[in-house]
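Residue strings, one per chain:
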Amino acid sequence: MSTMVRNALIGVGVILVIAAFYFLLARPYMEAKDRGQARIIEQVAKAEKAKQEFAAKQAKEAEEQAAREAKAVAEEAAKLKMVQEMATVRQGEGVEHALIRQLVDNPGIMNGIKVKIGEKEYDLAYSGESSEKKAVKKWAQSKAHLIAIASGYVDQKTGRQIRIKKPNEVAFILKAVDSKFNIDIYKKELKTADEKVADAEFGSEPCYSIGGLGVDYQATFWADVKNVGFYEYIWTPARE
């Protein structure tokens, strides 16, 4: 056999060995490597999808939470506006009228609350049935007078009162706080210089508050301490 033929046969053998190695060892390894890479790519894709779904879920939850908060704020604002209208001192009225309307609307608001005027202590709670309209109104009128005295709007001895200069511009809102109560005062204000007085609205915050009214509160007629608001004046009953 010639050298050329022998070399050719050796070359063919080498090629066959390489081919056999590839098919027996290298190819399965490469296929396994490709499958491993495919799994990695699939896992990365799944992780990215999960990340996007989580982000979308968070965004949706944040949007729903924002919507709930916005709804709660709107409902609270609507409720405040309704109470402000109820608590507004109207034409020919005094502070007690605004208090009476609130007490009639919610007889339970003064439950557990007492006030001390002079040496006498008064229980402001309503003990009857809320369906008894006449009884509720009579109770509201009586307690509104006590609240006006306790909060400094009526002088029990002289009959002097602090009244509102203009109707439909000031609201006196009762707010129970534990065993005491506050009176939050809201004043209608113009938002711009060009706005008409008729379009003025109450703000979301009181312009003044009387807080902590209860048995340990020292009731004093405001005029005696010169604490009358710019929207108020002192009314003195005519002497006979």
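For the structure itself, consult the block above.
Residues numbered from 1 in each chain as written. Predicted model: local features only at pLDDT ≥ 70, side-chain atom pairs only at ≥ 80, totals over all residues. Heavy atoms only, no water.

Caption draft 1: Quick peek at unusual backbone geometry. Not every positive phi belongs to a glycine, and N168 is a case in point at roughly 65 degrees. Structurally, N168 can be placed in the loop between β3 (161–164) and β4 (170–177). Positive phi outside glycine occurs at D178, with the angle close to 55 degrees. Here D178 shows up in the loop between β4 and β5 (180–189). (Helix = DSSP H or I, 4+ residues; strand = E, 2+ residues; numbered from the N terminus.)

Caption draft 2: Examining the environment of H97 more closely. Note that H97 resides in helix α2 (residues 95–105). Through-space distance from the C-alpha of H97 to that of M86 is 9.6 Å; in sequence the pair is eleven residues apart.

Caption draft 3: Highlighting the nonpolar core. L103, M110, I147, F172, F181 and I183 are the most contacted members of the largest nonpolar core, which has 37 residues in total. Sorting the residues of this core by element identifies α2, β1 (114–117), α3 (133–150), β3, β4, β5 and β7 (208–213) as the ones contributing at least two each. Tallying contributions element by element places α3 first for this core, with nine residues. With residues near it in sequence (within four places) discarded, I147 still touches L99, L103, M110, L124, L174, F181 and I183. Ranked by size, the runner-up nonpolar core spans five residues in total, among them A87, A171, I173 and Y186. (Core = buried A, V, L, I, M, F, W, Y, C linked by side-chain atoms within 4.5 Å. Buried < 20%, exposed > 50% of the residue type's maximum accessible area, 1.4 Å probe, protein only. Contact = heavy atoms within 4.5 Å.)

Caption draft 4: Spotlight on the packing of aromatic side chains. Applying the stated criterion across every chain, the model contains three aromatic pairs. Look at Y153 and F172: their rings are 5.2 Å apart centre to centre, the planes differ by 85 degrees, and that puts the pair in the edge-to-face class. Highlighted residues: Y153 in the loop between α3 and β3 and F172 in strand β4, separated in sequence by 19 residues. Judged by relative accessible area, which is 1%, Y153 ranks as buried. Seen from their ring centres, F230 and Y231 are 5.0 Å apart, and the 80 degrees between their planes marks the pair as edge-to-face. Since its relative accessible area comes to 7%, Y231 is described here as buried. In this arrangement the basic side chain of R163 is found over the ring face of W235, its NZ or CZ atom lying 3.8 Å from the centre. (Phe/Tyr/Trp six-rings, centres within 6.5 Å; stacked < 30°, edge-to-face > 60°. Lys NZ or Arg CZ within 6 Å of the ring centre and 35° of its normal.)

Caption draft 5: Summary view of α3. Under the 1.5 Å per step criterion, the end-to-end length of α3 is 25 Å for 18 residues, consistent within 8% with the ideal 26 Å. Three or more residues of α3 are buried, namely V136, W139, A140, K143, A144, L146, I147, A148, I149 and A150. One or two steps after α3, the chain reaches G152, where phi turns positive at roughly 90 degrees. (Expected span 1.5 Å × (residues − 1).)

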